[in-house]
Amino acid sequence: MNTKIKIFLVKLIIIVLLFFSIIMTIRDNNSMKLWLKENVFTNNISFTKIQDIYVKYFGNIMPFNKYIEMVPVFSEKLEYIDLETYKEGIKLKVTSNYLLPSINSGIVVFIGEKEDYGNTIIVEGEETIWYSNVNSNVKLYDEVKKGEFLGEVNGEDLYLVFKKEGNIIDYKKYL
Amino acid sequence: MIIKNIYKKIHVNPMIYVLGILSVVTGLFKAFLIMYLIVFIHELGHITMALIFKYNINKITIYPFGGYTIFDVDINKNSFEEFMVFFGGILFQIILSVIFKIYVDNSTYLYRTFSIYNTNILLFNLLPIIPLDGSKVLNILFNKMLPFKISHKLSIYISYILIIVVFIINYKNLNMCMILFLILNILVEEHKNHIYIFNKFLVERYIKDIKFKKNNFIIGNTVKNMKKYMKNIFIIDNMYISEKEVLEDRFNNFY
């Protein structure tokens, strides 16, 4: 037991030393911080790409299939009153506190505040869509099907951004 | 205390780690965690029932299709005990689903995924394929009607056939094939051990004094016709001969 405790303490000390050495190197190094922010904290693994490749050759990943029909889908198309371009995407005027259905199927990769957009849900599927100014009803890393309830729009303004592999794409075919 | 060293007895099949990594890179790790929570609770059900009946636990292995617990226990035990240990898994899954229904919002991904997996794991484990739970119930039923040796063989053959059937339905799904492969390995092991299992059944009856409510008459001295859950009475040369006497012959004239 004594040797086990010693080994554990040695491992613990190594971890602590590594931790502090990393903190000390990053602390005053701004370019490193920027690199980290852009590459580690922003980019995600492209879950959907890997999933699509695997499912194509090997079938479903989780052993017992999920039934798509179980999802309460309640709206086919997104209804809006007015549309105008806004920054990288579009701004839609919708009915007050509109119950937002998802435009695409995929995985929720981000829920949080985005500058100039408000509370945003990013659903990554074949295309990546940002749904902004929304109070989310889904949780991070949930799987979402097209038409599924995402949340309530905070007021009358809904912001959408449509991207594919980092590039902005045309919104017209989604609305 | 049995519970004290239980963590030493839990093994995890490597395929689960493979599935785990796969689920992480495809973003499906929530589904993975939910599924193995259900599997874990299911196994816990079996273990709890077994501890109530004072079984000793030999080894608990978690496989992608569910758990497989090996008990250090006699083969000759009554069918009620066996059924209850089998039922423990289902019972705990039912309790878990009630807890989810009460505390989890049914519009969430968590609840929907949980219900689907809970049902599917329950149904899959009811398939009468060794080592799944379904095979245990089928084996209990067979043993009520047929001799021990043939019940065991029959359960094994039915398992082979059903594995082929399930394979034909699911051959395009790699993960399902992997699961069937793991199940097949356990089944083959059980098949190889058939003769030792039969022997253990006999040795227990030879050595121990087990009380039975029912009698089973066997004409001749074919030990193969001995039934589980019953006292076997042989009729040889117009005389009633007890099990132990016939087994005495077998074990003392063995080599």
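Residues numbered from 1 in each chain as written. Chains lettered and ligands numbered in written order. Predicted model: local features only at pLDDT ≥ 70, side-chain atom pairs only at ≥ 80, totals over all residues. Heavy atoms only, no water.

**Q** What am I meant to see in the overall build of chain B here?
**A** Secondary structure assignment for chain B yields 10 helices and 6 strands. Reported as C-alpha extents along the three principal axes, the dimensions of chain B are approximately 70 × 40 × 30 Å. Counting across all 255 residues of chain B, residues that qualify as buried make up 49%. Within chain B, residue pairs in contact and separated by at least 24 positions form 63% of the contacts whose partners lie at least 6 positions apart. (Helix = DSSP H or I, 4+ residues; strand = E, 2+ residues; numbered from the N terminus. Buried < 20%, exposed > 50% of the residue type's maximum accessible area, 1.4 Å probe, protein only. Contact = heavy atoms within 4.5 Å.)

**Q** Got a minute to help me understand the sheet that holds strand β1 (residues 10-12) of chain B in this structure?
**A** Strands pair in a sheet through their backbones, by hydrogen bonds, and they do so in one of two ways: parallel or antiparallel. All names here are of chain B. Taken in spatial order, the 3 strands line up as β1-β2-β3 in an open sheet, and their pairing is mixed. The sheet is open, and its two edges are formed by β1 and β3 (66-72), each paired on a single side. Direction aside, the axes of adjacent strands within the sheet are offset by 20° on average. Inspection of the sheet shows strand β2 (residues 56-63) paired to β3 by 7 bridges, in the antiparallel sense. Residue pairing for β3: N56 is matched across the bridge by D72. Packing of helix α3 (residues 29-52) onto the sheet brings it into contact with β2 and β3, and relative to β3 it is tilted by some 20°. (Pairing = 2+ DSSP bridges. Axes fitted to C-alpha atoms, helices over the stretch in contact; angles between N-to-C directions.)

**Q** I'm lost on the packing of helix α7 (residues 148-170) of chain B against helix α8 (residues 174-192) of chain B in this one. Help?
**A** To describe two helices that pack against each other, one gives the angle between their axes and the distance between the axes. Residues and elements named next belong to chain B. In contact at an axis separation of 11 Å, α7 and α8 are set at 165° when each is read in the N-to-C sense. The angle between α7 and α8 falls in the class roughly antiparallel. The chirality of how α7 crosses α8 is left-handed. Facing α7, whose interface residues are H152, K153, I156, Y157, S159, Y160, I163, V166, F167 and N170, α8 presents M176, C177, L180, I183, L184, L187, V188, E190 and H191. Residue classes in the contact of α7 with α8 are distributed as 13 nonpolar, 4 polar and 2 charged. (Parallel < 35°, antiparallel > 145°, perpendicular 65-115°, else oblique. Left-handed = near helix turned anticlockwise from the far one by under 90°. Nonpolar A, V, L, I, M, F, W, Y, C, P; charged D, E, K, R; others polar.)

**Q** Please clarify how α7(B) should be interpreted in this entry.
**A** Residue pairs spaced three or four apart in an α-helix point in one direction, given the helix's 3.6 residues per turn. All names here are of chain B. The first and last C-alpha atoms of α7 sit 33 Å apart over 23 residues, in line with the 33 Å expected at 1.5 Å per residue. For α7, every residue scored as buried is listed here: F148, K149, S151, H152, S155, I156, S159, I163 and V166. Residues of α7 that are buried in the fold lie against α6 (133-145), α8 and α9 (194-207). (Expected span 1.5 Å × (residues − 1).)

**Q** Mind showing me how you'd approach the layout of surface pockets here?
**A** Where empty space is left can be seen by rolling a probe of water-molecule size over the atoms. Residues and elements named next belong to chain B. Considered as a void within the structure, the largest pocket measures approximately 1200 Å³ in volume. In this structure, the largest pocket is lined by 46 residues; those nearest its centre are Y68, T69, I70, K136 and E190. Broken down by class, the residue content of the lining of the largest pocket amounts to 19 nonpolar, 15 polar and 12 charged. (1 Å grid on protein atoms, 1.4 Å probe; cavity = no way out; pocket = protein on both sides within 12 Å on 5 of 7 lines; lining within 4 Å. Points joined across faces, edges and corners; volume = space filled by probe spheres on them.)

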